[in-house]
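Overview (structure and organization)
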Amino acid sequence: MSRSKSIYFGPPPDVSEGQWFRTHDDLYGADVHRFRGQGISGTSYEGLDSIVASGGYAGDEDLGDVIIYTAQGGSPDKDGHITEDQSLTGVNEGMLINYREGLPIRYVRGLGIKRRKATEGYRYRGLYLVEGYWSVLTARGHVMWQFRLAKIAAGERWDSDEASHTAADDEATPVQQAAARYVSTQRRVRNTQEARAIKALYNNTCQMCRVPVVVDINGARYSEGAHIHALGRPHGGRDVRSNILCLCPNCHVLFDNGARLITDDLKVVDALSRRVLGDLHVVPEHQIDPACVHQHRSRWVDRSGGV
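Residues numbered from 1 in each chain as written. Predicted model: local features only at pLDDT ≥ 70, side-chain atom pairs only at ≥ 80, totals over all residues. Heavy atoms only, no water.

With that settled, the discussion passes to the packing of aromatic side chains. Scanning the model with the defined rule gives six aromatic pairs in all. Between the aromatic rings of Y133 and W300, the centroid separation amounts to 5.2 Å while the plane-to-plane angle is 85°, which identifies the pairing as edge-to-face. Of this pair, Y133 sits in strand β9 (residues 122–137) while W300 sits in the segment after α7 (290–298), and the two are 167 residues apart along the sequence. Taken as a pair, Y133 and W300 share a single burial class, namely buried. A network of ring pairs unites the aromatic residues Y99, Y133, W145, F147 and W300 as a single cluster. Seen from the ring of Y28, K5 lies directly overhead, with NZ or CZ sitting 3.9 Å from the centre. (Phe/Tyr/Trp six-rings, centres within 6.5 Å; stacked < 30°, edge-to-face > 60°. Helix = DSSP H or I, 4+ residues; strand = E, 2+ residues; numbered from the N terminus. Buried < 20%, exposed > 50% of the residue type's maximum accessible area, 1.4 Å probe, protein only. Lys NZ or Arg CZ within 6 Å of the ring centre and 35° of its normal.)

Have a look at this one:
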């Protein structure tokens, strides 16, 4: 039985990105991965601190700085195709903690994969953040969950933003610092020229709840541009006005996490209770692409049936 090691988030001490390790025991000894012979280190309530990938699922994609990682479970066959539905429980639930709190994962790739086992050692690839997650229906009719992991540049601090570091940051916990950094990054990504145009069109008022978020005594409002068809791999959405909504932070989070869906006739649905909340507010100048709306629903097949 291996000696238990405490969970920790961040880079392993005295280990460089790209460093090669012969065995799982070597990864354990260098504090890269906390368990011998297991591919995932973490829990449903703490999050995951490291992953050793050995080609277990056919849906996985390794694009270098971006990794499409298939959730655990589903009884994959010898070719890595799941044979039953997956669920967001156990370590899969832990991945959601990484996503929501901005906690990084040490990612290790097995080399020379044969029969879902590494035969040529392991390479430490660096720290990755969970940028998003979704569910799809496989060709065989099973619900499969996937996560998008994005690499943090070598040497970049994941637990603080040095450009805006203040004394108050020193009093925040690492989780709070990570969450603030993640939110800050996402706001920059969402504040494109096209998104700003849509927000101006609605005077920074949410299209779902229609409640303005007033942030100062002069009546200034805050809103966020939400892409309906998500950008980046594997979704491939475009940063165009027909693919963007003006949402408040609450509705944006709910929409991005599949708790709010939009029907083809632009009704807003609470996907968890399946209750219709009302019409999506759309002005004549804003033509929403129906294909984008359909694609957003298709990312949440566990809850979008009949919507």
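Now that the structure has been shown, we can carry on.
Burial runs high along strand β3 (residues 47–53): seven of the seven residues are buried. Counted along the chain from strand β2 (residues 40–43) to the antiparallel partner β3, the turn is three residues long. Both β3 and strand β6 (residues 105–110) contribute to a ladder of four bridges, which runs parallel. Within the sheet, the bridge partner assigned to V52 lies in β6 and is V108. (Pairing = 2+ DSSP bridges.)

This paragraph deals with the pattern of salt bridges. All chains considered together, the criterion is met by 15 salt bridges. Residues R34 and D49 are paired through a salt bridge, measuring 2.8 Å at the closest nitrogen-oxygen approach. On the criterion of sequence distance, the pair formed by R34 in the loop between α1 (24–29) and β2 and D49 in strand β3 is long-range, its members being 15 residues apart. Take D49: its relative accessible area is 0%, and that puts it in the buried class. One salt-bridge network, held together by shared partners, links R34, D49 and R106. (Salt bridge = Lys/Arg side-chain N within 4 Å of Asp/Glu carboxyl O.)

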